[in-house]
Amino acid sequence: MKKAISILALSILVSLPVSAAKYDYGLEAKKIGVDTYLFLGKKEDFSFQNGGNIVNTGFIVTSSGVVVIDTGSSKRYGEQMLAEIRKQADKPVYKVINTHHHPDHFLGNQSFKPAPIAALKGTVKDIKSSGEMFSENLYRMTGDWMRGTEAVVPDVTLQPGAEEIGGHQIEYIELSGHTGSDLAVFDRTTGVLFAGDLVFYNRTLTTPHAIPEKWFVALDRLSKLPFKVLVPGHGEPVTDLSAIEQTRDYLRWLVETLDSAANKGQSMNEVMQEKIPARFANLALVKSEFNRSVVHLFPAVEKKTLHRAN
Ligand SMILES: [Zn+2]
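Presented here is a report on the structure given in the accompanying data block. (Residues numbered from 1 in each chain as written. Predicted model: local features only at pLDDT ≥ 70, side-chain atom pairs only at ≥ 80, totals over all residues. Heavy atoms only, no water.)

## Structural notes on the pattern of salt bridges
Phase 1 of the analysis: In the structure shown here, the tally under the stated rule is 13 salt bridges.
Phase 2 of the analysis: Here R292 makes a salt bridge to D45, at a shortest N to O gap of 2.3 Å. Here the residue R292 occupies a position in helix α9 (residues 286-309), and D45 occupies one in the loop between β2 (36-39) and β3 (57-62), the gap between them amounting to 247 residues.
Phase 3 of the analysis: Relative accessible area serves as the criterion here: at 35%, R292 is assigned to the partly exposed category.
Phase 4 of the analysis: In this structure, a network of salt bridges that share partners links the residues D45, R203, E289 and R292. (Salt bridge = Lys/Arg side-chain N within 4 Å of Asp/Glu carboxyl O. Helix = DSSP H or I, 4+ residues; strand = E, 2+ residues; numbered from the N terminus. Buried < 20%, exposed > 50% of the residue type's maximum accessible area, 1.4 Å probe, protein only.)

Laid out in structure tokens, this is it:
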């Protein structure tokens with residue numbers, strides 16, 4: 001019996017990917033601009049296999065210290081990110097910034113303490129109210145990758161506008177649409193724009209807290225910035241408008257599809273049968289995210305349509 005159990009345990013261990021077994025995210029800092037680095041996440045959903053490494057995070061090395069943009073999905077992610085940052089910079093972390101309150105963007109915060117952790121007012125409020133719940137959810141989805149993770153609420157409320165940090169002119173741009181509070185971080189000195197989840201690239205956008213009409217306004221604003229490199233929240237960085245345009249194109253199709261379904265009086269299940277246009281076929285997770293978006297957004301669209309009809 002004992003032997004049977006140990007063989008079973010061994011076969012479970014062998015079947016796990018090596019990185020999952022060692023809880024190693026395999027983070028590699030990729031240089032994307034002067035003094036600026038990116039950790040590129042997988043274009044996947046949360047799973048035990050990826051441990052939650054599905055998000056882009058980054059950092060800027062300034063003469064005053066390192067500015068960290070988003071901290072990943074767990075305490076382990078934050079620790080491993082910090083270890084990789086140490087390989088590129090021997091300066092302390094000057095400031096950590098959370099772009100919005102989604103768990104893959106802030107649950108690594110605790111590994112950066114005592115550095116100040118900053119976010120927009122609305123993001124601080126949302127992390128305070130939903131942080132623990134997000135952390136429990138991720139524990140269910142990724143298991144022991146989350147060990148020891150606590151939701152650490154940012155302790156600095158970020159004011160929109162420009163700040164000079166160690167030779168970099170950094171602009172904090174307050175927007176919304178992906179959530180009620182979205183921050184874009186634009187380094188005017190290097191031309192690198194961290195767009196957070198206002199921009200997705202080759203990975204279908206997510207909408208649990210989306211406000212589409214505000215999201216369009218945010219995309220217009222971002223498209224006017226003179227960036228050299230744009231880092232989306234998910235997907236590869238780009239040097240042109242392609243990621244913004246793809247995000248806008250899909251969001252517009254999504255909104256129009258939901259509007260027209262509501263006008264036809266279709267049910268949620270019927271909307272989910274809608275054919276996804278060929279131009280979105282290369283977006284990772286398009287079918288599952290479309291279905292989720294129907295669940296998130298369709299009830300409000302239906303309500304608005306009914307209201308108009310009455
Ligand atoms: Zn998000």
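From this point, the narrative continues.
## Some points on the coordination of the zinc ion
Phase 1 of the analysis: Within the protein, H100 (NE2), H102 (ND1), H178 (NE2) and D197 (OD) serve as the donor atoms for the zinc ion, at 2.2 Å.
Phase 2 of the analysis: Coordination at the zinc ion is irregular, judged from the four donor atoms that bind it and the angles of 90 to 166° they form at the metal.
Phase 3 of the analysis: Written as a sequence motif, the donor residues of the zinc ion are H-x1-H-x75-H-x18-D. Placement of H102 in the loop between β5 (93-97) and α4 (103-106) and of D197 in the loop between β11 (192-194) and α6 (212-223) is noted, with a sequence separation of 95 residues between them. The same class applies to H102 as to D197, namely buried. (Donors = N, O, S within 2.8 Å, 3.2 Å for Na, K, Ca; no water. Tetrahedral: all angles 85-135°; square planar, octahedral: opposite > 155°, others 65-115°.)

## Overview of the sheet that holds strand β12 (residues 229-231)
Phase 1 of the analysis: Read from one edge to the other, the open sheet built from five strands follows the order β8-β9-β10-β11-β12, with strand pairing classed as mixed. Where the open sheet ends on each side, the last strands, each with one partner, are β8 (161-165) and β12. When the angles between neighbouring strand axes are averaged without regard to direction, this sheet yields 20°.
Phase 2 of the analysis: Here β8 pairs with strand β9 (residues 168-175) via five bridges, running antiparallel. (Pairing = 2+ DSSP bridges. Axes fitted to C-alpha atoms, helices over the stretch in contact; angles between N-to-C directions.)

## Here we look at the environment of V96
Phase 1 of the analysis: Mapped onto the elements, V96 comes out in strand β5.
Phase 2 of the analysis: In this structure V96 comes out as buried when scored by relative accessible area, which is 0%.
Phase 3 of the analysis: Taking the C-alpha atoms as reference, V96 lies 40 Å from K304; in sequence the two are 208 residues apart.

## With respect to the environment of E213
Phase 1 of the analysis: Counting through the fold element by element, E213 comes out in helix α6.
Phase 2 of the analysis: Separated by 39 residues in the primary sequence, E213 and R252 place their C-alpha atoms 9.6 Å from one another.

## Quick notes on the pairing of β3
Phase 1 of the analysis: For β3, the buried fraction is high: six of the six residues fall into the buried class.
Phase 2 of the analysis: Relative to β3, β2 runs antiparallel, the two being bridged by four bridges. Bridge assignment links L38 to a residue of β3, and that residue is G58.
Phase 3 of the analysis: Pairing analysis gives five bridges linking β3 to strand β4 (residues 65-69), with the strands arranged antiparallel. Along β4, the bridge assignment pairs I60 with V67.
Phase 4 of the analysis: In textbook terms, the turn of a hairpin is the stretch between consecutive antiparallel strands, and for β3 and β4 this stretch comprises two residues.

## Quick word on the packing of aromatic side chains
Phase 1 of the analysis: Under the counting rule described, the total for this entry stands at 10 aromatic pairs.
Phase 2 of the analysis: Their ring planes at 85° and their centres at 6.4 Å tell us that Y23 and F48 sit as a pair that is edge-to-face. With Y23 in the loop between α2 (18-22) and β1 (30-33) and F48 in the loop between β2 and β3, this pair connects stretches of sequence that are 25 residues apart.
Phase 3 of the analysis: Relative to W253, the ring of Y250 lies with its centre 5.6 Å away and its plane at 50°, an arrangement referred to as tilted. In this pair, Y250 and W253 both sit in helix α7 (residues 242-263), three residues apart, roughly one turn of the helix. Like W253, Y250 is buried.
Phase 4 of the analysis: Here the basic side chain of R76 rests over the ring of Y23, its NZ or CZ set 4.3 Å away from the ring centre. (Phe/Tyr/Trp six-rings, centres within 6.5 Å; stacked < 30°, edge-to-face > 60°. Lys NZ or Arg CZ within 6 Å of the ring centre and 35° of its normal.)

## Things to note about the side chain of T305
Phase 1 of the analysis: Inspection of the secondary structure assignment puts T305 in helix α9.
Phase 2 of the analysis: Accessibility expressed as a relative area gives 11% for T305, which makes it buried.
Phase 3 of the analysis: A distance of 2.8 Å separates a polar side-chain atom of T305 from the backbone oxygen of V301. (Polar contact = N/O pair within 3.5 Å; in protein donor to acceptor, adjacent residues only side chain to side chain.)

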